[in-house]
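Structural features, examined
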Number of protein chains: 2
Amino acid sequence: MTSQQDLLDTLALVARALGNGHRLALLERLAQAEASVDTLASTTDLTVGNASQHLQQLRRAGLVTASRSGKQMIYRLTDERIVLLMGLLRQVAETNLAEMERLVGRLFADDDAQGALEAVSRRELLAKLQGGQVALLDVRPEEEYAAGHLPEAINIPLAQLEAMLDRLPRDKEIIAYCRGPYCALSHEAVQRLHQLGYRVRRFEEGYPEWKAAGLPVMR
Amino acid sequence: MTSQQDLLDTLALVARALGNGHRLALLERLAQAEASVDTLASTTDLTVGNASQHLQQLRRAGLVTASRSGKQMIYRLTDERIVLLMGLLRQVAETNLAEMERLVGRLFADDDAQGALEAVSRRELLAKLQGGQVALLDVRPEEEYAAGHLPEAINIPLAQLEAMLDRLPRDKEIIAYCRGPYCALSHEAVQRLHQLGYRVRRFEEGYPEWKAAGLPVMR
DNA sequence: CTATCATTCAATGAAACGATAGAATGATGG
DNA sequence: CCATCATTCTATCGTTTCATTGAATGATAG
């Protein structure tokens, strides 16, 4: 006979797979684009061996799948909803853990010093895009942009921001986005563009959340 | 400087709190109604000491709060969204873990043998309630019903089902619900009522999901 | 078919987790 | 203020998790 407890124990298995900072980092990275072990290891500052082990655990929990492509093993998220799950986890943590608030506060401290332009919510962004008076700026690395991005977004990786300013319209408000709420790239971009006199704000989410919400994406 | 990794580590802390079957059981119980350590321990088959420890962990993770009422410590969920979080965790687990499917399959095996009436979805239930030709049956214990229930639901705890049949209308279809998708109470009720000749089906979710979705509840 | 590259496996030690038992704390009722 | 009840704290032991190391496997290019 199946007891309810067996089911809960199995659910706990999945939750436990989410219960490690490095694994969450791997999942966030995978939410941008599928990637090889090697790539994942270097973008998350793990040794290859260690990354591989964590990926196995995620695989056992059904959160990622792997397939071989030549010498490389390509990992990807099994399910779009994993992004939603992490988003909800984030919301619950932010509203109920003081520690979390402290850390997020610090991440946003720069912005506040700068003149406190609040981040643009998804709803607000949709309205602005409808109106057509904003330009979307994707400051992620080129490969992540290539794997998928918001419609009509202009890609300028942060490192080349100043060098490629000519791609940005001067007459529109600019909305910058990157990997997600905790990603520093768009914060940085907004600061730098603001100093250069652009009207610029940050999208409070990132590409993965947009996609997981079922909104249209481009390649 | 706050690194993104600090934030992920803190998130992982919350996920880890969900990563234990007993703690998930405690949370599910708390989703029904607030309760004392003693009550929680006995409904989840834990010793009081052990339950207390798990509750502390949930508290550290910001998932529950406690307040003293006389000699007793009353625990409650901090946030309605925790129910949503567990629901999403369940969905992800069910679609991506074979083991999960196996266990759920077994739980539903009885129903299938019985003539396979599929469970009623939330959307379907809302439509049926609109129409007015169904009666809602809440088969949870009286205290949980008292703490909150679906509008117009009739409470008959499973143990008294046969004794209190006169409360059920014979001319309407009956929709039974209980604590949630994995709760056995409504399965059992449906089987027994079906044998007695009632037109009866099961709501696929439970009270906590209904409430967390922002739908109206009664006391 | 061998050298190389990408990844996984296996073994180790340190740290964290989980259950238990028994002592300690806090509130209440006489 | 003492006895009782509900809960928490402390200490212990066995188990699991995590990072590291180095060896093993699998695929490819010459």
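Provided above is the structure to which this section pertains.
So, a few notes on the structure that sits alongside this text. Bear in mind the structure is a predicted one, so any value in this text is a computation, not a measurement. Throughout, residues of each chain are indexed from 1 in the direction in which the sequence is written. Chains and ligands are labelled sequentially in the order written, the chains with letters from A and the ligands with numbers from 1. The predicted nature of this model means local features are confined to residues of pLDDT at least 70 and side-chain atom pairs, given and counted, to a pLDDT of 80 or more, with totals for whole chains, interfaces and linings taken over all residues. Side-chain metrics rest on all non-hydrogen atoms present in the structure, leaving aside hydrogens and water.

Concerning the protein's contact with DNA strand D
Near DNA strand D, the surroundings consist of 21 residues, among which His-22 and His-54 of chain A together with Asp-38, Ser-52 and Tyr-75 of chain B are the closest. Note on definitions. A residue lies near a molecule or strand when any single heavy atom of the residue is within 4 Å of it. Sugar and phosphate atoms constitute 89% of the interface atoms of DNA strand D, taking the interface as everything within 4 Å of the protein. Separating a phosphate oxygen of DNA strand D from a side-chain N or O atom of Gln-57 of chain A is a distance of 3.4 Å. Within 3.5 Å is the distance limit for a polar contact, defined as a pair of N or O atoms, with the added protein rule that one can donate a hydrogen and the other accept it, and that residues adjacent in sequence qualify only through two side-chain atoms. Contact between DNA strand D and Asp-38 of chain B: a phosphate oxygen at 2.8 Å from a main-chain N or O atom of the residue. Note on conventions: DSSP H or I runs of at least 4 residues are helices, E runs of at least 2 residues are strands, and numbering of each starts at the N terminus. Those elements that provide at least two residues to the surface near DNA strand D are helix H2 (21-32) and helix H4 (48-60) of chain A together with helix H3 (37-43), helix H4 (48-60) and strand E3 (72-77) of chain B. In terms of residue class, the surface near DNA strand D is made up of three nonpolar, 13 polar and five charged. Residues are grouped as follows: Ala, Val, Leu, Ile, Met, Phe, Trp, Tyr, Cys and Pro are nonpolar; Asp, Glu, Lys and Arg are charged; every other residue, Gly included, is polar.

Description of the relation of the copies chain A and chain B
In this comparison the copies share one frame, found by least squares on the C-alpha atoms of residues holding pLDDT of at least 70 in both. The two copies are related by a screw operation: chain A maps onto chain B through 180 degrees of rotation and 0.0 Å of translation along the axis, at an RMSD of 0.0 Å. Look at the turn and shift together and you get a two-fold axis relating the two. A share of 100% of the interface residues of chain A reappears at the interface of chain B, consistent with the copies meeting face to face through the same patch. Only heavy atoms enter the contact rule, under which two residues are in contact if any of them lie within 4.5 Å.

A word on the protein's contact with DNA strand C
Close contacts around DNA strand C come from 22 residues, with Asp-38, Ser-52 and Tyr-75 of chain A together with Gln-53 and His-54 of chain B the closest. In DNA strand C, atoms within 4 Å of the protein come from the sugar-phosphate backbone in 86% of cases. Looking at the surface near DNA strand C, the elements that each hand over two or more residues are helix H3 (37-43), H4 and strand E3 (72-77) of chain A together with helix H2 (21-32) and H4 of chain B. Here the residues of the surface near DNA strand C sort into three nonpolar, 13 polar and six charged.

Considering the environment of Glu-144 of chain B
Here Glu-144 of chain B lies in helix H8 (residues 142-147). When the C-alpha atoms of Glu-144 of chain B and Val-48 of chain B are compared, they prove to be 21 Å apart, with 96 residues separating the residues in sequence.

Things to note about the interface of chain A and chain B
Taken together, the 49 residues of chain A in the interface contact 49 residues of chain B. Between chain A and chain B, the buried area comes to about 4,400 Å², and carbon and sulfur atoms account for 71% of it. Salt bridges, as used here, are contacts in which a Lys or Arg side-chain nitrogen is within 4 Å of a carboxyl oxygen on Asp or Glu. Summed over the shared surface of chain A and chain B, the number is zero salt bridges. Taken together, the connections running from chain A to chain B amount to 14 residue pairs in polar contact (both at pLDDT 80 or more). Elements represented by at least two residues in the side of chain A that touches chain B include exactly helix H1 (4-17), H2, helix H5 (81-96) and helix H6 (98-114) of chain A. Buried area counts how much accessible surface, traced with a 1.4 Å probe, disappears from two parts once they are put together, with both parts' losses summed.

Quick notes on the pairing of strand E4 (residues 134-138) of chain B
Consecutive side chains along a regular strand alternate between the two faces of the sheet. Residues and elements named next belong to chain B. Among the five residues in E4, five count as buried, and that is most of the element. Burial along E4 is two-sided: Val-134, Leu-136 and Asp-138 and Ala-135 and Leu-137, pointing in opposite directions, are all buried. For two strands to be treated as a pair, DSSP must find no fewer than two bridges joining them. Strand direction decides the pairing type here: E4 and strand E6 (residues 173-178), joined by five bridges, are parallel. Following the sheet pairing, Val-134 is matched in E6 by Glu-173. As defined by bridge partners, E4 adjoins strand E5 (residues 154-155) across two bridges and the pair is classed as parallel. Paired with Leu-137 across the bridge in E5 is Ile-154. Here's how the labels work: a residue is buried when its accessible area is under 20% of the maximum for its type, exposed when over 50%, partly exposed in between, all with a 1.4 Å probe on protein chains only.

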